[in-house]
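Next come the chains, spelled out residue by residue.
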Amino acid sequence: MAKRQKMEKVVTRYGIEMLSEADIDFCSVGALVHRMDPGIIPWRKANKVDIHVSGGEFNCSANLADCFGLKTAVATAMVDYPIGQLINERVRAMGVRPIYKHFTHNGVNGPNMATVLSDQGKGVRAPVVFYNRSNEAGAMLKPGDFDWSSIFAGGCRWFHSGGIFSALSDTTPELIIEGMKAAKAAGAVVSFDLNYRAKLWKLIAGDNAEAKAVEVMSRIVACCDVIVGNEEDLQKGLGFKGPEVEGEKKSKLDPTAFFGMIDEVTAKFPNIKIVATTLREVHNTCLLYTSPSPRDS
């Protein structure tokens, strides 16, 4: 077992204590995916695609490394086959330290790196997104797969995971909790993006999807300092009452409803110091230019 160094902490402007320096600025745990993108052409008409490497947790590590030069890592599954090699190349290209649990592909049906298939939409036609996560290596991850003591021996300032990874299997939430507890012991701030996905929870819990999500994510959030989500995430992922989340609203960018739920969240989870959300609304998938451009189509 690696000997952990003693680290100094500073208090941030939001009142959270954070290590001033560590070997890892940000570490995430989650599943890597490759996204196949035919652009604005719908899948039923597509004959070529671009391939992008993604994953909710990995994206955080990648952007912090690429944009801000932080020392980041991702703990994840990696399958030793050409798709895995493609994904690994992109992880390293983004400057992220890979921490892999390796799996061997049997040449027929896996284990696999998950595939996300998504076109970009065009005008009033919304993007279409669907998945192939069958026999996914990321869903096979479990407690004990990573040596957190060695990973965090030089300190970790921030540790993160998300709701999609927690919905992949019965073992992934336990791995998240294991990692969070180890990270807290190493002095890290711990965060979780609720990111409720009805299709994934229904796959593992059927008609009890929302109840299962609340049970699982409540245990995870009890280990956190920071959570990210919108009102739907708080309702369906943590079981809080709030405004109707189905159908149209007068203003999807109205933050009032979300603000009203924050006190309920911190009352139930006094460990939570920050509740964050993002507000976005898509009016049209076309870009509008004020003058002609070679990029116009």
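Basis of the calculations
Residues numbered from 1 in each chain as written. Predicted model: local features only at pLDDT ≥ 70, side-chain atom pairs only at ≥ 80, totals over all residues. Heavy atoms only, no water. Pairing = 2+ DSSP bridges. Helix = DSSP H or I, 4+ residues; strand = E, 2+ residues; numbered from the N terminus. Axes fitted to C-alpha atoms, helices over the stretch in contact; angles between N-to-C directions. Contact = heavy atoms within 4.5 Å. Salt bridge = Lys/Arg side-chain N within 4 Å of Asp/Glu carboxyl O. Buried < 20%, exposed > 50% of the residue type's maximum accessible area, 1.4 Å probe, protein only. Polar contact = N/O pair within 3.5 Å; in protein donor to acceptor, adjacent residues only side chain to side chain.

A. Quick look at the sheet that holds strand β9 (residues 129-132). If you trace the four strands from one edge of the open sheet to the other, you get β5-β4-β8-β9, paired in mixed fashion. Looking along the sheet, the strands with just one partner apiece sit at the ends: β5 (50-54) and β9. For this sheet, the mean angle separating the axes of adjacent strands, direction not counted, is 25°. Direction of pairing for strand β4 (residues 33-37) relative to strand β8 (residues 114-118): parallel, over a ladder of four bridges. Pairing of M36 across the sheet is with L117, part of β8. On top of the sheet, helix α2 (residues 82-93) reaches β4 and β5; it is set at about 65° to β5, its chief contact.

B. Local environment of the pattern of salt bridges. The final tally for this structure, using the stated rule, is 14 salt bridges. We note a salt bridge from E215 to R219, for which the minimum N-O separation is 2.9 Å. Here R219 and E215 lie together in helix α7 (residues 209-221), a separation of four residues that amounts to about one turn. A residue is classified by how much of its surface remains accessible, and E215, at 38% relative accessible area, is partly exposed. A salt bridge links K273 to D225; its shortest N-O distance comes to 3.1 Å. Note that K273 is positioned in the loop between α9 (256-268) and β13 (274-276) and D225 in the loop between α7 and β12 (226-228), a separation of 48 residues in sequence. Here K273 falls in the partly exposed class, since its relative accessible area comes to 47%.

C. Up close: the environment of S61. Its place among the elements puts S61 in helix α1 (residues 56-68). Owing to a relative accessible area of 0%, S61 belongs among the buried residues under this scheme. Through-space distance from the C-alpha of S61 to that of S28 is 6.6 Å; in sequence the pair is 33 residues apart. Beyond its immediate sequence surroundings of up to four residues, S61 is in contact with F26, S28, T72, A73 and V96. Engagement of the side chain of S61 in a polar contact is seen with the backbone oxygen of A73, the distance being 2.9 Å.

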